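# Remarks on the overall topology
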Amino acid sequence: MKSENDTKAEKKTEKKIMTGAGILWECLEREGVKHVFGYPGGAILPAYDALKHSKIHHILVRHEQGATHMADGYARATGQLGVAVATSGPGATNMVTGIATAMLDSSPILCITGQVGSKLIGSDAFQETDITGITLPITKHNYLVTRADEVARTIREAAYVARSGRPGPVLVDITKDAQQSTCEFDWEAAKPQMPGYRPDLSPAPEEYKKALDLIHSAKRPVILAGHGILISGAMREVITLAERGGIPVALTLLGLGVVPASHPLNLGMMGMHGEAWVNHTIQEADLLIALGMRFDDRVTGNLKTYAPNAKKIHVEVDPAEVNKNVKVDVALVGDLREVLHELLPKIESPDRGEWLHHIDELKGDAAVRDIQNLPDNGHLYAAHVINDLWRETRESNTIVVTDVGQHQMWEAQYYKHEQPRSLITSGGLGTMGFALPAAIGAKVARPDAEVWVIVGDGGFQMTLCELATIMQEKIKVNVAIINNGYLGMVRQWQEFFYERNYAATPLLNPDFAKLAEAYGMRGITVKERSQVIPTVKSVREHNGPVVIDFRVEQEDTVYPMVAAGAALHDMIRRPTPLVETADDE
Amino acid sequence: MMNTYVVYVENKPGVLTRVASLFRRRAFNIDSLTVGRTEKPEVSRMTITVDADYDQARRIEANLYKLVNVLLVENITESPAIIRDLAMIKVAATHDARSHVLELASVFRARVVDVAPESLTIEITGTEDKIDGLLEVLRPYGVLEMVRTGIVAMRRGNKGAVLAPSLNSGVGEIASDEGISYSV
Ligand SMILES: Cc1ncc(C[n+]2csc(CCOP(=O)(O)OP(=O)(O)O)c2C)c(N)n1
Ligand SMILES: [Mg+2]
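The present account deals with the structure reproduced in this document. (Residues numbered from 1 in each chain as written. Chains lettered and ligands numbered in written order. Predicted model: local features only at pLDDT ≥ 70, side-chain atom pairs only at ≥ 80, totals over all residues. Heavy atoms only, no water.)

### Focus on the packing of aromatic side chains
All names here are of chain A. In total, this model carries 8 aromatic pairs over all chains according to the counting rule given. Each ring, one from Phe295 and one from Tyr306, has its centre 6.1 Å from the other, and the planes form 80 degrees; the classification is edge-to-face. Here Phe295, found in the loop between strand S12 (287–291) and helix H14 (297–300), pairs with Tyr306, found in the loop between H14 and strand S13 (311–316); they are 11 residues apart in sequence, far enough to count as distant. Residues Phe295 and Tyr306 agree in their burial class; the two are buried. Centre to centre, the rings of Tyr486 and Tyr502 are 5.7 Å apart; their planes meet at 75 degrees, and the pair counts as edge-to-face. (Phe/Tyr/Trp six-rings, centres within 6.5 Å; stacked < 30°, edge-to-face > 60°. Helix = DSSP H or I, 4+ residues; strand = E, 2+ residues; numbered from the N terminus. Buried < 20%, exposed > 50% of the residue type's maximum accessible area, 1.4 Å probe, protein only.)

This is the structure:
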């Protein structure tokens with residue numbers, strides 16, 4: 001017999017009999033998902049069939065890695081959940097790189113994979129792989145679903161885990177029979193049940209006091225601003241902290257944009273290819289206030305010599321990051337925005353003019369060494385291309401998506417990001433092939449934005465098949481290939497550390513402009529500096545997607561550089577005047 | 001330093017793999033790991049010992065907490081606790097040696113659980129040191145086979161472990177921390 005309460009609940013939620021596949025899409029819709037990126041196959045076919053009843057728009061990719069990067073770009077452009085779909089076996093394993101990329105950059109993506117029928121699991125059936133086993137260490141969490149009545153709760157949990165706390169990728173592997181069979185669908189009853197999951201930590205009260213004491217007694221403080229600021233949405237609070245305390249801000253690669261580049265307290269990027277004065281500032285500081293960053297080896301250099309005289313405050317949502325690489329004096333573990341809300345009213349405004357003046361002096365001759373200010377020798381440099389692109393697009397709502405390599409570092413140096421989420425790049429994993437698909441995801445998420453891909457000639461060829469996706473979906477993204485004929489960043493390491501033995505780094509490339517034309521898009525080749533701005537202008541006016549092949553100086557080098565394992569202040573600087581070039585030799 | 005953790009996890013398939021994989025992934029070497037049931041059917045309990053310094057130990061704890069299926073982690077290294085290992089030792093005991101072996105077993109309060117013409121099997125429960133002690137004195141007679149369970153541990157005193165209020169509660173209902181202190 002039913003109690004009165006049960007009958008009431010029934011009326012309210014109106015239960016339906018649905019297939020697991022139908023429940024999948026229904027739950028994704030209710031989670032706010034509007035687009036998914038995917039590729040079909042046998043084990044996920046029931047889900048694809050059920051898509052016809054859903055409002056969700058499916059974008060057919062050309063490779064499942066692309067689907068994961070698109071979901072990732074979608075997530076990074078908006079903070080919303082990005083969703084990728086693939087079949088079992090090879091479809092699922094093709095996702096691995098994209099999942100690891102999202103994991104290391106804390107990007108909320110949900111990967112749905114089909115799996116062989118539950119009775120066949122463990123039998124090495126056709127296209128069976130243990131994808132939950134494979135992705136165990138590279139997902140925030142994953143699930144194997146073998147029954148239709150587990151689909152709803154799992155999707156709700158997966159979406160919640162992916163987005164909350166420190167975000168990350170979640171994979172849900174659904175057997176074919178779980179997609180096909182039917183059960184009662186009840187959204188309310190499928191509430192997440194995760195008694196052990198606690199994304200909402202907050203610091204102990206006495207820690208705030210310690211942090212404030214350190215901040216107030218510091219003479220040479222610097223804020224280290226990372227990706228966590230963006231994820232937490234604490235941009236305003238960080239700027240207020242900097243302004244109120246007169247504290248300069250250094251940014252990580254993934255932090256670029258959280259404080260406008262033009263802000264007087266913004267020093268620029270730190271780390272391996274950061275500006276020299278930024279790294280010197282960190283080394284001379286007496287207090288580091290690390291906000292949503294994790295002291296990656298690319299920003300610290302040698303830990304033994306890192307900021308030796310500085311006390312350290314670490315504000316971080318993930319307790320496992322505390323005291324991992326750098327031992328800190330105070331840790332405020334919790335949501336950055338909430339922590340700063342607590343701190344800000346108590347921040348005093350001492351005069352830190354002397355420190356800021358000193359930092360200005362640290363800039364020294366950096367401007368003179370800047371490639372922008374060197375006499376025009378007729379060569380086209382990547383820095384020119386990126387700087388000109390910035391000049392042309394800075395006023396509009398632009399998202400730049402980069403790949404990995406030298407061009408990525410030049411982008412970080414020469415494109416001055418004013419807005420949060422205006423740079424999307426693979427930081428932690430450094431995944432070549434990320435840019436083009438991630439840009440597609442970004443454009444789908446933010447159709448109002450002007451989306452530019454800055455990609456190397458090497459990395460472009462890892463995922464260029466997605467040009468077809470662009471055409472099929474009529475997506476306007478502009479692709480600027482920084483074509484130096486080399487796996488440039490690796491060549492640079494060979495130049496410095498392997499006696500210029502350019503083993504396996506020169507590239508014989510196709511004609512990228514023609515390739516673009518073969519896909520049905522416009523393709524342009526640019527060899528001269530004077531052509532950069534006119535080309536960018538015409539590309540922006542063009543309705544469809546464009547690929548521009550910028551033939552840049554082949555043996556240019558990213559400066560400054562902190563060699564792996566060297567002290568942060570020990571930088572290789574660009575010699576003045578300009579280094580000899582390939583043509584000069 | 002050897003650290004001892006008591007870890008409560010959801011009793012679900014794959015959870016042991018997740019915990020074990022975490023140690024491998026973060027390059028910590030598990031010295032001993034035991035899993036078993038608890039007073040609640042939906043909860044399993046692990047006792048894990050691992051060699052780690054102070055900061056590493058705390059990071060292990062934080063990483064364990066990040067696993068969605070982990071309910072509670074207690075590092076009981078510094079707490080008064082009852083720690084037990086169980087061993088079964090098959091020792092060669094021919095006619096002459098038999099009475100000596102029996103005597104040693106009784107000194108250690110161990111029990112003989114199997115008697116065969118040429119051997120005795122002894123069961124002993126206790127701290128690892130105690131078992132090591134018995135092993136040491138039995139070795140000269142010839143240890144034919146030995147198995148140890150690895151340690152299980154429990155804090156002394158009245159207080160039981162405080163798990164999240166109910167495993168059936170939704171996410172929103174879980175008591176959140178009062179604040180954690182991570183300074184040094
Ligand atoms: C998938 C992958 N394989 C290899 C690497 C190692 N790697 C880092 S940068 C780089 C060269 C990139 O060359 P290109 O795309 O032409 O960019 P450039 O450095 O020339 O700007 C390589 C091979 C990587 N990061 N990712
Ligand atoms: Mg290149």
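Let's pick the thread back up.
### Details of the site of ligand 1
Residues and elements named next belong to chain A. Of all residues adjacent to ligand 1, which total 17 residues, the nearest are Gln406, Gly430, Asp457, Gly459 and Gly488. His407 has a polar side-chain atom sitting 2.9 Å from an oxygen atom of ligand 1. In the environment of ligand 1, a nitrogen atom lies 3.4 Å from a nitrogen or oxygen atom belonging to the backbone of Met432. Alone, ligand 1 offers 590 Å² of accessible surface; in the complex the protein occludes 76% of this. For the shell around ligand 1, the secondary-structure elements that each account for two or more residues are helix H19 (406–414), helix H21 (457–463) and helix H23 (488–497). Ranked by residue count, the leading element in the shell around ligand 1 is H21, at 4 residues. Classifying every residue of the shell around ligand 1 by side-chain character gives 7 nonpolar, 9 polar and 1 charged. (Near = heavy atom within 4 Å. Polar contact = N/O pair within 3.5 Å; in protein donor to acceptor, adjacent residues only side chain to side chain. Areas by Shrake-Rupley, 256 points an atom, 1.4 Å probe, with all protein chains shown as cover. Nonpolar A, V, L, I, M, F, W, Y, C, P; charged D, E, K, R; others polar.)

### Notes on the coordination of the magnesium ion (ligand 2)
For a metal bound by four donors in tetrahedral geometry, the ideal donor-metal-donor angle is 109.5 degrees, whereas six donors in octahedral geometry ideally sit at 90 or 180 degrees. Residues and elements named next belong to chain A. For the magnesium ion (ligand 2), every protein donor is listed as Asp457 (OD), Asn484 (OD1) and Tyr486 (O), and the spread of their distances is 2.1 Å. Expressed as a motif, the donor residue spacing for the magnesium ion (ligand 2) is D-x26-N-x1-Y. With a gap of 27 residues between them, Asp457 in helix H21 and Asn484 in the loop between strand S18 (477–483) and H23 connect regions that are remote in the sequence. With a relative accessible area of 1%, Asp457 lands in the buried category. (Donors = N, O, S within 2.8 Å, 3.2 Å for Na, K, Ca; no water.)

### Section: the pairing of strand S20 (residues 546–551) of chain A
Note on strand geometry: in a regular strand, side chains alternate between the two faces of the sheet. Residues and elements named next belong to chain A. Burial analysis of S20 places 5 of its 6 residues in the buried class, the great majority of the element. Across 6 bridges, the pairing between S18 and S20 is parallel. Its bridge partner lying in S20, Ile481 is registered against Asp549. Pairing of strand S19 (residues 522–526) with S20 involves 5 bridges; the strand directions are parallel. Its bridge partner being in S20, Arg522 is matched across the sheet by Val546. Where the polypeptide runs from S19 across helix H25 (residues 532–541) and back to S20, its parallel neighbour, the crossover connection is right-handed. (Pairing = 2+ DSSP bridges. Right-handed = clockwise from strand over helix to strand, strands pointing away.)

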